[in-house]
Amino acid sequence: MSKTLKIGIIGSGGIARAHVSAYQKLPFVEIVAVADVIPGKAAQFVESEKLDSAAAYDGHEKLLAQELDGVSICTPNVSHHITTVDALRAGKQVLLEKPMSVTLQEAVEMTAAAKETGNMLTLGFQPRYDPNMKLMQEIVQSGRLGKVYYAETGGGRRRGMPGGTFISKKLAGAGAMADIGCYSLDMALHAMGYPKPISVSAFTSNHFGTNPLYHPEASKFEVEDFGVAMVRFENDLVLQFKISWAMHMDTLGATMFLGTDAGLKITPAGSGPWSGVWDGSVGSMTLFHDEYGRQTQTAIPLIEHRLNLFDEKVRDFAEAVRDGRPAPIPGEQILIQQAIIDGVLRSAESKREVAIELP
């Protein structure tokens, strides 16, 4: 592999600009190609981002024919599957933006392609790089809580509904569950070592998205703006998962882990109508426990940092490609949360508990 990594960007929307910014801070990376399915859009992106040495392509196929070390896939959800599989089979290492896919079967095929080719598929969950998220995981996995038997995660925006491709069932697959719920799921599941789910009972609604009082594209709104689910896992563990793009409430509560020896409560950082979800950092962390026969609680001091979590995500991918390391956030893990989201949607539609069967 050459000393300088040659990186391509597939998709030239807003999130692609964040990838470009992060790559440009890495002296060992050069962005050499950009592709977009809309004719001329990649060329406009190359010009606006001043990527003088990058070629522009109308479609990802021509980009993947170039000599590249890796690609960032920044397309709408509906394109994640085909672009990822094509990139892996073209010998490229892949950093894919969340959510992983539109359907569970697509996620299965994507992880299979990574395994078959031996190429990297890593998912873009930047909250994992927050030092306080790592501290939370360390506490949960340390045994300090005893046996964790119940967890609760999620979050909610009082107002924060996107539009466009995000609200199309065909293009996005799911709404709030996949868009911001995937962060909440990864937070809790990663802390608990990604246990195996066996069933889910769920409810979803879109009272706000389909109401023109609250959304300018109400007539086009096809996905859920609210959802809640009870997920059962092996080893007598349950997870309550709840998420909302819009609601008449300030919060859906904290994330918590209940253990036989102690409990851990975590609140998200940020304020305002678009906050309250786990796409950022930690606001507070408290341990509830008994000492000398007395009920007490201990505030866990947060780690102060100035890290740009998005930049950290991209840097970790680039360094893993350069150094030949495994995927930082492997597709096999995120396949589990895709199975949960799939189960949530099936359960909500059928109005009953459904089984989750992992491949």
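It should be noted that the structure appears before, not after, this text.
Now for a description of the structure that goes with this document. On a predicted model such as this, the values are computed, not experimentally measured, just so you know.

### What about the overall build of the chain?
Per the secondary structure count, the chain includes 11 helices and 15 strands. Taken against the 2.2 N^0.38 rule, which gives 21 Å for 359 residues, the C-alpha radius of gyration of the chain at 21 Å falls within 12% of a compact globule. Overall, the chain is about 65 × 45 × 40 Å in size when its C-alpha atoms are taken along their principal axes. Taking all 359 residues of the chain together, 55% fall into the buried category. Summarising the internal contacts of the chain: among those between residues at least 6 apart in sequence, 70% fall at separations of at least 24. On the chain, roughly 16,000 Å² of surface is accessible, and the fraction owed to carbon and sulfur atoms is 51%. Charge separation in the chain, taken as the distance between the mean sites of 34 positive and 41 negative side-chain charges, equals 2 Å.

### Section: helix α1 (residues 14–23)
Within the span of α1, buried status applies to Ala-16, His-19, Val-20, Ala-22 and Tyr-23. Along the axis of α1, the buried residues cluster in a sector spanning 165°; they form a single face.

### Considering the sheet that holds strand β8 (residues 197–205)
If you trace the nine strands from one edge of the open sheet to the other, you get β14-β13-β12-β11-β7-β10-β9-β8-β15, paired in mixed fashion. Of all strands in the sheet, those with a lone pairing partner are β14 (294–299) and β15 (354–355), marking the two edges. Here strand β7 (residues 148–156) pairs with strand β11 (residues 255–259) via four bridges, running antiparallel. Bridged to Tyr-150 within β11 is Leu-258. Together, β7, β9 (226–233), β10 (237–244), β11 and β12 (262–268) form the strand contacts of helix α9 (residues 181–191), whose direction differs from that of β10 by roughly 160°. Taken strand by strand, helix α11 (residues 331–350) contacts β8, β9 and β15, and its axis lies near 55° from that of β8.

### Notes on the sheet that holds strand β1 (residues 5–10)
If you walk across this open sheet you meet the six strands as β3-β2-β1-β4-β5-β6, and the pairing is parallel. Strands at the two margins of the open sheet, each flanked by one partner only, are β3 (55–58) and β6 (121–124). Averaged over neighbouring strand pairs, the angle between their axes works out to 20° when direction is ignored.

### Observations regarding the side chain of Asp-69
Of note, Asp-69 is situated in the loop between α3 (60–64) and β4 (70–73). One polar contact links the side chain of Asp-69 to the main-chain amide nitrogen of Lys-6, over a distance of 2.8 Å.

What counts as what
- Residues numbered from 1 in each chain as written.
- Predicted model: local features only at pLDDT ≥ 70, side-chain atom pairs only at ≥ 80, totals over all residues.
- Heavy atoms only, no water.
- Helix = DSSP H or I, 4+ residues; strand = E, 2+ residues; numbered from the N terminus.
- Rg over C-alpha atoms; globule rule 2.2 N^0.38 Å.
- Buried < 20%, exposed > 50% of the residue type's maximum accessible area, 1.4 Å probe, protein only.
- Contact = heavy atoms within 4.5 Å.
- Areas by Shrake-Rupley, 256 points an atom, 1.4 Å probe, with all protein chains shown as cover.
- Lys, Arg positive; Asp, Glu negative; His and termini not counted.
- Charge placed at Lys NZ, Arg CZ, Asp CG, Glu CD.
- Arc of directions from axis to C-beta.
- Pairing = 2+ DSSP bridges.
- Axes fitted to C-alpha atoms, helices over the stretch in contact; angles between N-to-C directions.
- Polar contact = N/O pair within 3.5 Å; in protein donor to acceptor, adjacent residues only side chain to side chain.

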